[in-house]
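Here is how the chains run, residue by residue.
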Amino acid sequence: MESPYLSLQNINLKIKNQQLFSDFSLTVNKGEAVLLKGKSGKGKSTLLKMIPGFMKFDSGSIILEGKELNRHNLKYFRERISYVSQDTDLRNENVEQLLQEILKYKANRHISCTPETFRDLIREFHLEEDTPVKKIRELSGGERQRLGIILTIILDRDIWIMDEITSAMDPELKKLTAEKLLSLNKTLILTSHDSQWENDPRVRVVEL
Amino acid sequence: MDTNGISYLNFLYFLIFLIPMMAVTWKMNLSVNKRLVIAVSRMILQLSLVGIFLQYIFKLDKGWLNLLYVFLMMLVASFSVMKSCNRKEAPYLPIILFSFALPNTVMMLFFNRFIADIDVILSAQHTIPIAGMLLGNSLNSIIIAVNRFYSDLKEGEKEYFMMLGMSGSRSEAIRPYFRTALLTALNPTLASIETIGLVALPGMMTGQILGGALPLTAIKYQIAIMLAIMIVRFAAAALTIFMTTRLAFDDFDIPAGP
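Enquirer: An account of the interface of chain A and chain B is requested, with residue identities and associated values reported.
Expert: Each partner contributes residues to the interface: chain A has 31 residues there, and chain B has 19 residues. Taking both partners together, chain A and chain B bury about 2,300 Å²; carbon and sulfur atoms supply 63% of that area. Sorting the residues of chain A by area buried against chain B places A:Lys56, A:Arg91 and A:Tyr105 first, and these three jointly supply 28% of that buried surface. The tally of links from chain A across to chain B stands at three salt bridges. Across the pair B:Asp251 and A:Lys56 runs a salt bridge, and its minimum N-O distance is 2.4 Å. Joining chain A to chain B, the criterion identifies eight residue pairs in polar contact (both at pLDDT 80 or more).

Enquirer: Quick rundown of the sheet that holds strand 7 (residues 159-163) of chain A? Include the residues and the values.
Expert: Remark on secondary structure: sheet strands pair via backbone hydrogen bonds, oriented parallel or antiparallel. Residues and elements named next belong to chain A. Strands sit in the order 6-7-8-3-9 across an open sheet of five strands; the sheet is parallel. Of all strands in the sheet, those bounded by a partner on one side alone are strand 6 (81-84) and strand 9 (203-207). Between one strand and the next, the sheet's axes are offset by a mean angle of 15°, whatever the strand orientation. Across four bridges, the pairing between strand 6 and strand 7 is parallel. Across the sheet, the residue bridging to Ile81 is Ile159, located in strand 7. Helix 5 (residues 141-155) contacts strand 6 and strand 7 of the sheet and is inclined by roughly 170° relative to strand 7.

Enquirer: Tell me about the pairing of strand 1 (residues 6-15) of chain A, and name the residues and values.
Expert: Residues and elements named next belong to chain A. Sheet topology note: the strand 1/strand 2 (residues 18-28) ladder contains seven bridges and is antiparallel. The residue bridging Leu8 from the neighbouring strand is Leu26, located in strand 2. Between strand 1 and strand 2, which pair antiparallel and follow one another directly, the connecting turn spans two residues, one of which, Lys16, has a positive phi of 45°. In this sheet, strand 4 (residues 59-64) lies alongside strand 1 in antiparallel orientation, the contact comprising five bridges. Bridging from a neighbouring strand, Leu6 pairs with Leu64 of strand 4.

Enquirer: Tell me about the domain arrangement of chain B, and name the residues and values.
Expert: Residue and element names in this part refer to chain B. Domain parsing of chain B yields domain 1 (1-60) and domain 2 (63-248). For domain 1 versus domain 2, the separation of C-alpha centres amounts to 29 Å. Every contact between the two is made by eight residues of domain 1 and, on the other side, eight residues of domain 2. Of the roughly 640 Å² buried between domain 1 and domain 2, counting both surfaces, carbon and sulfur atoms make up 82%. The tally of links from domain 1 across to domain 2 stands at zero salt bridges. Counting the contacts that link domain 1 with domain 2 gives zero residue pairs in polar contact (both at pLDDT 80 or more). In terms of residue class, the side of domain 1 that touches domain 2 is made up of seven nonpolar, one polar and no charged.

Calculation rules
- For every chain, the first residue of the written sequence is number 1, and numbering continues from 1 along that sequence.
- Chains carry letters and ligands carry numbers; both start at the beginning, A for chains and 1 for ligands, and go up in the order they are written.
- Residue-level local features of this predicted model are given only where pLDDT is at least 70; pairs of side-chain atoms are given and counted only at 80 or more, and the full residue set underlies all totals for whole chains, interfaces and linings.
- Each side-chain value is derived from all of the structure's non-hydrogen atoms; neither hydrogens nor water enter the calculation.
- By definition in these notes, contact holds between two residues if any of their heavy atoms fall within 4.5 Å.
- Accessible-area loss on putting two parts together, using a 1.4 Å probe and summing over both, is the definition of buried area adopted here.
- Just to be clear on terms, a salt bridge is a Lys or Arg side-chain nitrogen sitting within 4 Å of an Asp or Glu carboxyl oxygen.
- Here a polar contact is recorded for every N or O atom pair within 3.5 Å, except that within protein the pair must consist of a potential hydrogen donor and a potential acceptor, and residues adjacent in sequence are included only if both atoms are side-chain atoms.
- Two strands pair under a simple rule: DSSP has to find at least two bridges between them.
- Numbering goes from the N terminus for both helices and strands, where a helix is a DSSP run of H or I of at least four residues and a strand is a run of E of at least two.
- Note on definitions: angles span 0 to 180 degrees between N-to-C directions of axes, and those axes are lines fitted to C-alpha atoms, for helices only across the stretch in contact.
- Domain segmentation is taken from an automatic or database assignment of domains.
- Three classes are used: nonpolar for Ala, Val, Leu, Ile, Met, Phe, Trp, Tyr, Cys and Pro, charged for Asp, Glu, Lys and Arg, and polar for all others, with Gly counted as polar.

Listed below in structure tokens is the structure:
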């Protein structure tokens with residue numbers, strides 16, 4: 001049998017005397033969309049943070065393309081994964097400047113993103129034309145989430161980890177966003193309470 | 001005016017002014033008198049002891065002894081940083097000590113050699129006061145910068161992870177916090193340089209003029225010391241943050257500790 005693209009094996013994690021994960025395992029195929037479901041406090045966000053190594057676990061392993069997540073492979077993981085946190089926590093700066101800062105990161109220097117590309121994406125996600133000159137705090141929650149998605153699309157990593165990425169959008173935008181993300185054949189690992197993810201046949205639902 | 005001529009009696013006269021002040025604060029219910037008496041007594045005691053001690057060091061005036069004295073000041077300052085910044089683990093000591101030692105030693109030697117232009121490079125008369133001024137400023141700057149850096153990072157931890165999530169490396173993701181911290185440490189000096197001489201005569205210059213130096217000589221020293229202060233403030237703060245980040249993050253770039 002071919003080894004899976006990404007697998008989480010026997011993850012154990014205890015936080016404040018509470019066993020959040022005991023021998024949790026999950027495999028994800030390349031290009032698959034996985035939705036993590038479960039009541040709040042079940043550790044969905046925590047699990048998402050574990051995959052790029054933003055959160056350590058007590059035992060178990062995470063393996064991507066045959067490489068185990070440890071300090072030697074950390075860079076390998078982070079250069080293949082993009083992560084958008086719940087609330088899309090971007091530093092309060094001018095949107096354009098923030099984009100330029102991200103594009104200047106060593107791992108992103110090969111990416112070419114013209115002002116036109118950025119503007120087209122802004123239009124596609126129904127953001128205001130003047131979004132690039134706004135500061136992050138001037139954006140609403142839903143606008144920030146769409147900006148997070150746009151940044152993810154620009155960076156074009158293999159695995160997209162997104163925590164509650166559509167929660168603050170109106171139903172029409174939720175639909176548009178889900179449709180767009182699912183059409184790109186990326187490996188998506190998401191959490192969401194929105195039904196259009198769960199009801200889409202292309203999405204595999206995993207209960208925590 | 002002869003500064004050597006302050007008699008102990010003149011000195012006591014000055015204390016007389018404390019009596020009406022204390023009477024007023026007592027009337028106003030400020031309840032600071034106890035603290036005031038203790039503070040003034042402490043000051044007199046501390047400075048007298050330092051004075052006596054320095055008399056000996058100045059009399060001996062041995063280069064190695066002056067250097068040792070400066071090293072002790074650095075050691076005390078390092079402990080003070082560890083306490084004020086809540087970085088009390090032993091591995092922080094050599095890092096902080098190094099961050100004090102490198103810029104301050106370079107600046108001190110440079111000052112003695114090229115500004116003061118003295119024959120004996122480590123003479124007590126120059127080395128100890130200059131080192132004291134530079135170290136005091138470095139101490140202040142390091143505490144401001146380090147505290148600002150780690151509190152911003154703690155407050156912005158989610159933002160930090162988001163930037164790692166956008167493929168930033170640790171050093172790339174902490175850069176904005178580093179920038180703010182350095183600016184915060186530099187700002188007081190920049191502000192005082194901007195108004196220097198207009199609002200108040202700086203301490204070193206005042207001291208030299210009282211000691212009999214010509215104002216133009218005093219100004220040359222003052223300009224040189226202000227530049228030296230600005231440079232050590234910047235270098236010491238930057239070095240400390242840069243070097244402590246090696247201890248303050250784990251192998252997954254997750255901020256550790258308090």
